[in-house]
Amino acid sequence: KAFRTTQNQESSELFAEGHEQVLRDFGVEKVTSADRSWMRNPNVYVITVENEDGSKVFGGARIHVLGDETEKLPVQDAVGEMDSNIHSMVKADIPKGVGELCALWNAKEIRGSGVSTFLTKASVAKAGVKIANLLKINILWVLCAPYTVGMVEKAGFEVVRSLGNDGQFPYPKPDLPATVLRLSDTDDLSKASDKERKEIISLRKEPKQELVEKGPKGELIVSYDLYIEDL
């Protein structure tokens, strides 16, 4: 399901707790995306994967929409001191509508089920400007671990090789590097694979639907509800 943080503090709290546990599992005590100030920011939206009664969150992702030059995306806080060029690049994107997909995580017990792929598709589906109930984002940034680079590239993201070391940064620590990628056309998705583009556009046009999703460990029935109240 998708929601604005300020509309659902309970689910936001479950999201934060799950994300922090995953970071601890990887030996990471502090990253910028784990800062809980986002829970008070009305320009932040959350997508969670939950069990049917909503008592357990198995994974999630956040979308930060940048309103003006006084704000920064989490990726700027994360790598800006290592490469200040990211600030001018994000600033140039603001007039077009810019945001970030961040804090993508899934719980240990469901790794290998494809949940990260579902979340990426759902997040990109909510970006865009041409259909009602979208976040009016033309450009979407992401900072992700090496093993998820291929996944987000299928959704249309491209590595920003002019930043860092060919797009990579020693973040959150040297043995866990991260790569900066950017999706430059959330509506057209010209760089996405045919399969991902079709599925993303389907979710964008029909934000409430049930799909059989195939992950590495088999099939899951996923009930999507990406409609955000008062958007």
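What you are looking at is a predicted structure, and each value in this text was computed from that prediction instead of being measured.

**Q** I'm lost on the layout of surface pockets in this one. Help?
**A** Gaps left between atoms show up when a probe the size of a water molecule is rolled over them. The space that makes up the largest pocket amounts to roughly 910 Å³. Among the secondary structure elements, those contributing two or more residues to the lining of the largest pocket are α1 (9-25), α2 (74-79), β4 (98-106), α4 (115-126), β5 (139-144), α5 (146-154), β7 (168-173) and β8 (176-183). Counting residues per element, the lining of the largest pocket draws most heavily on β4, which supplies 7 residues. Grouping the constituent residues of the lining of the largest pocket by class yields 29 nonpolar, 10 polar and 2 charged. Taken together, 21 residues make up the lining of the second largest pocket; nearest its centre are Val49, Glu50, Asn51, Val222 and Ser223. Secondary structure elements with two or more residues in the lining of the second largest pocket: β2 (44-50), α4 and β10 (218-225).

**Q** Can you help me understand the nonpolar core in this one?
**A** Soluble, globular proteins show a tendency: their nonpolar side chains are buried together. Formed by 49 residues in total, the largest nonpolar core has its most connected members in Val124, Leu140, Phe157 and Leu181. Look past the residues within four positions of Phe157 in its chain and what remains in contact with it is Leu101, Val124, Leu140, Trp141, Val142, Val152, Leu181, Arg182 and Leu183. Membership of the second largest hydrophobic core comes to 18 residues, among which are Val90, Leu143, Tyr171 and Val180.

**Q** How should I be thinking about the environment of Cys102 in this particular structure?
**A** Tracing the chain through its elements places Cys102 in strand β4. In sequence terms Cys102 and Thr120 are 18 residues apart; their C-alpha atoms lie 9.9 Å from each other. Look past the residues within four positions of Cys102 in its chain and what remains in contact with it is Ala61, Arg62, His64 and Pro74.

**Q** Got a minute to help me understand the packing of aromatic side chains in this structure?
**A** The description of an aromatic ring pair uses the distance of the two centres, along with the angle that the planes make with each other. With the rule as written, the count across this model stands at 2 aromatic pairs. Ring centres 5.5 Å apart and planes at 80° place the aromatic pair Phe15 and Trp38 in the edge-to-face group. Of this pair, Phe15 sits in helix α1 while Trp38 sits in the loop between α1 and β2, placing them 23 residues apart in sequence. Accessibility assignment for this pair places Phe15 and Trp38 in one class, buried. An angle of 70° between the planes, with centres 5.9 Å apart, marks the rings of Phe15 and Trp105 as edge-to-face. Taken as a pair, Phe15 in helix α1 and Trp105 in strand β4 lie far apart in primary sequence, 90 residues in all. Residue Phe15 shares its accessibility class with Trp105, and that shared class is buried.

**Q** What am I meant to see in the confidence of the model for the protein chain here?
**A** Reading fine detail from the predicted coordinates is not recommended where pLDDT is low. Confidence along the protein chain averages 92 in pLDDT terms, with 97% of residues attaining 70 or more. Here α1 stands out as the least confident element of the protein chain, with mean pLDDT 86; strand β6 (residues 158-159) is the most confident, with 98.

**Q** I tried to follow the environment of Glu206 on my own but got confused; where do I start?
**A** Tracing the chain through its elements places Glu206 in the loop between α6 (194-205) and β9 (208-215). Placed 19 residues apart in sequence, Glu206 and Asp225 show a C-alpha to C-alpha distance of 9.2 Å.

**Q** Can you walk me through the pattern of salt bridges in this structure?
**A** Pairs can form between side chains of opposite charge once their charged atoms are near each other. One pass over the structure, following the stated rule, counts 15 salt bridges. One salt bridge connects Glu69 with Lys91, and the closest N-O pair in it is separated by 3.7 Å. Placement of Glu69 in the loop between β3 (57-65) and α2 and of Lys91 in helix α3 (residues 85-93) is noted, with a sequence separation of 22 residues between them. For Glu69, a relative accessible area of 56% corresponds to the exposed category. One salt bridge connects Asp93 with Arg182, and the closest N-O pair in it is separated by 2.9 Å. Placement of the pair is Asp93 in helix α3 and Arg182 in strand β8, with a sequence separation of 89 residues. Judged by its relative accessible area of 2%, Asp93 is buried.

**Q** How should I be thinking about the environment of Leu181 in this particular structure?
**A** Note on placement: Leu181 falls in strand β8. You can call Leu181 buried: its relative accessible area is 0%. Taking C-alpha positions, Leu181 is 8.2 Å from Val149, a pair spaced 32 residues apart along the chain. Apart from the residues lying within four places of it in its own chain, the contact partners of Leu181 are Leu140, Trp141, Val142, Cys144, Val149, Val152, Glu153, Phe157, Glu158, Val159 and Val160.

**Q** Please explain the pairing of β9 as it appears in this structure.
**A** With 8 bridges joining them, β9 and β10 adopt antiparallel strand pairing. Bridge pairing links Glu213 to Leu220 in β10. Counting the residues that bridge the hairpin from β9 to β10 gives 2 residues.

Parameters and conventions
- Residues numbered from 1 in each chain as written.
- Predicted model: local features only at pLDDT ≥ 70, side-chain atom pairs only at ≥ 80, totals over all residues.
- Heavy atoms only, no water.
- 1 Å grid on protein atoms, 1.4 Å probe; cavity = no way out; pocket = protein on both sides within 12 Å on 5 of 7 lines; lining within 4 Å.
- Points joined across faces, edges and corners; volume = space filled by probe spheres on them.
- Helix = DSSP H or I, 4+ residues; strand = E, 2+ residues; numbered from the N terminus.
- Nonpolar A, V, L, I, M, F, W, Y, C, P; charged D, E, K, R; others polar.
- Core = buried A, V, L, I, M, F, W, Y, C linked by side-chain atoms within 4.5 Å.
- Buried < 20%, exposed > 50% of the residue type's maximum accessible area, 1.4 Å probe, protein only.
- Contact = heavy atoms within 4.5 Å.
- Phe/Tyr/Trp six-rings, centres within 6.5 Å; stacked < 30°, edge-to-face > 60°.
- pLDDT = per-residue confidence, 0-100.
- Salt bridge = Lys/Arg side-chain N within 4 Å of Asp/Glu carboxyl O.
- Pairing = 2+ DSSP bridges.

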